[in-house]
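Tertiary structure, described
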Amino acid sequence: MTDVLATKAIDPKRVLTGSSAAADHSEGMSYLETLPRRIITLYLPLMLFIFVLLFPFYWMALTAIKPNEQLLNFDTVNPFWTWSPTFQHITKLLFDSAYPQWLWNTMYVATAATVLSIVASVLAAYAIVRLRFRGGQALGAMIFLAYLVPPSILFIPLATVIFNYGLFDSPLALILVYPTILIPFSTWLLMGYFKTIPYELEECALIDGASRWQILTKIVLPLAVPGLISAFIFCFTLCWNEFIYALTFLQSVQNKTVPVAIVNEFVDGDIYRWGSLMAGALVGSLPLVILYAFFVEHYVSAMTGAVKE
Amino acid sequence: MADATLSMPRTPRAEQTAWSRLASNRHWLGYWFMLPALAILFLFLAYPLGLGVWLSFTDTRIGRAGIFIGLENYEWLQGDSIFWVSVFNTLLYTIVASIVKFGAGLYLALLLNQHLPFKAMIRAVVLIPFIVPTVLSAIAFWWIFDTQFSIISWSLKQLGLISTNIDFLGDPNNARASVIFANIWRGIPFVAITLLAGLQTVSPSLYEAATLDGATSWQRFRYITYPLLTPIIAVVMTFSVLFTFTDFQLIWAMTRGGPVNATHLMATLSYQRAILAGQLGEGAAIATAMIPFLLAAIMISWFGLQRRKWQQGSDND
């Protein structure tokens, strides 16, 4: 009984579709419960959770497509629905503001930082797991500790460092700094994946005369593609989400990323600003939600992979 | 053919150049592979961490190098009531949000672990608050908690529960409750999905055996689920506490520390003092004051992992 946890590995697909009972029979012990009882103990609380978790997005989307005259008029129009949706906020956002530029900045910084981190993490994870060099385990532990150092205590000294390197107000600053958040996470995730690749494959390749570099690019990486996808989309999401560094290091309006721009540039005195604010938040979230919809399993495996080590 | 293979010139060990040793030796190769990651982590993480502690002992301002002034920043902070309010807020925020996130997250995980129609879709939907950037959902909460046009106030008024609008972000205590609620909302999916992953490693036969022995559902939870889940709870809660304690963006997007500094966390206060007011040394002192708390969180994680090994009945990794 003590090795239950050790023998059953976490399977991301099962996190989404299975239950602990699904392994041997489809319903588990739930047939012991009657339907009314299940409604009270299961469906009702679940509906409540889902309502609370999703309501802000519904409200965000609804506000983004409401016409201005209904936006603040709760007395004559039911605020929970609109029969006259309009795209005026979204078109204003996309054609009359620097929003496309901000979206592009965010995407550019997130992609570049993610690629940089994944390359560095693949090399580091492979070295720690398979090269077994002197001091490798200690370096692995240090990388894990780096995961526990939060941006909130680093941004002040980093601002002076960035300024001294002449990178202030440049997207390059973010591309170089974001990997400090991403590398620890993705190294640990990839270490887990590399450990599952049979060592015998590499021994065969070594005997056939392959170099370490060839082994990595031709054998290990193709087999670790699911892990790479997980690491990639999760890092991309973290970059998109990052706020404090972007707020501190970027000054000029055209260089900002979406989260910073929304907080700083949209907050004027206009009483109808809520429409464009919510449209901005909605458009800024959509790329990630779409990405998420396609790669749900990879997100889950990235999340659970990070904690199972 | 066989002769050709045999007569292939073999490089004697002594003739290996220093370069080929560096390129082929396992240990050196390891260091080469580690180099990009370590370089980035050293330049932009380890060095700034040390620099931050040093800055906290100087009177550096933006645009002016500082000189060493010892503990003066800390002495100044000791008499600063706003700093102590921010410490109180940070602790309140972390403790309340973490406990509720754990309780609600575990409850949600237990619900999701049951046999349900549309199981995969429900689980995918639950994770959405975690995917959407924090600042953007915080903006949505800012609108939901608007003083005049809050949809919550409106709904409660329609139900006849209140007569005037609730001043969510204008009153200090309401503002604290509102940001804590937003943080809990954002954190529950992470806790729930990771705990769900842990729940699925628990063998259902344990529950069946316990049920046959007459265990109630509470006993099944308390004596089967909880002990087997402890290791993953330790890790998840360490991360949750860590990220809640150092939270910045949620507060900055919703209240910017207001009203009258009532929702300042240590992170937002250090940003205000260091970047907006230009007092880098003082801001660094506030940030450095967070380190002892972070160390405490890491210690909890370490002991949690120790316990996991013990539970698995092994003493190696």
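What counts, and at which threshold
- Residues numbered from 1 in each chain as written.
- Chains lettered and ligands numbered in written order.
- Predicted model: local features only at pLDDT ≥ 70, side-chain atom pairs only at ≥ 80, totals over all residues.
- Helix = DSSP H or I, 4+ residues; strand = E, 2+ residues; numbered from the N terminus.
- Buried ≥ 20, exposed ≤ 12 C-beta atoms within 10 Å, placed from the backbone.
- Contact = placed C-beta atoms within 7 Å.
- Axes fitted to C-alpha atoms, helices over the stretch in contact; angles between N-to-C directions.
- Left-handed = near helix turned anticlockwise from the far one by under 90°.
- Nonpolar A, V, L, I, M, F, W, Y, C, P; charged D, E, K, R; others polar.
- pLDDT = per-residue confidence, 0-100.

1. Some words on the overall build of chain B
Per the secondary structure count, chain B includes 16 helices and zero strands. The buried share of chain B, reckoned over its 317 residues, is 42%. Within chain B, contacts between residues separated by at least 24 positions form 69% of all contacts whose residues are at least 6 apart in sequence.

2. Brief notes about the overall build of chain A
Of regular secondary structure, chain A possesses 17 helices and zero strands. Buried residues in chain A amount to 47% of all 309 residues. Contacts spanning at least 24 positions in sequence make up 78% of the contacts within chain A whose residues lie at least 6 apart.

3. Section: the packing of helix α6 (residues 99-131) of chain A against helix α3 (residues 26-55) of chain B
Where α6 of chain A contacts α3 of chain B, the two axes come as close as 8 Å, and the packing angle between them is 145°. Relative to α3 of chain B, the crossing made by α6 of chain A is left-handed. Taken together, the residues of α3 of chain B that come into contact with α6 of chain A (itself represented by V119, A120, S121, L123, A124, Y126, A127 and L131 of chain A) are R26, L29, G30, F33, M34, P36, A37 and I40 of chain B. Taken together, the residues that form the contact of α6 of chain A with α3 of chain B break down as 13 nonpolar, two polar and one charged.

4. What to know about the interface of chain B and chain A
Of the residues lining the interface, 89 residues belong to chain B; the matching set on chain A comes to 94 residues. In terms of residue count, the dominant contributor to the side of chain B that touches chain A is α3 of chain B (18 residues). A per-class count over the side of chain B that touches chain A returns 65 nonpolar, 20 polar and four charged.

5. Topic: unusual backbone geometry
Even without a glycine there, the phi angle at R132 of chain A is positive, about 45°. The topology assignment puts R132 of chain A in the loop between α6 and α7 (136-147). Within the chain, V260 of chain B stands out as a residue other than glycine whose phi angle is a positive 45°. The exposure class of V260 of chain B is exposed, given the 11 C-beta atoms found within 10 Å.

6. Remarks on the confidence of the model for chain A
Residue and element names in this part refer to chain A. Of the residues in chain A, 86% have a pLDDT of 70 or more, and the chain-wide mean is 84. In this model residues 1-8 is a low-confidence stretch, pLDDT under 50, and it forms 15 contacts with partners more than four residues away in sequence or in other chains. Residue range residues 21-26 is modelled with pLDDT below 50. Its contacts to residues more than four positions away, or to other chains, number seven contacts.

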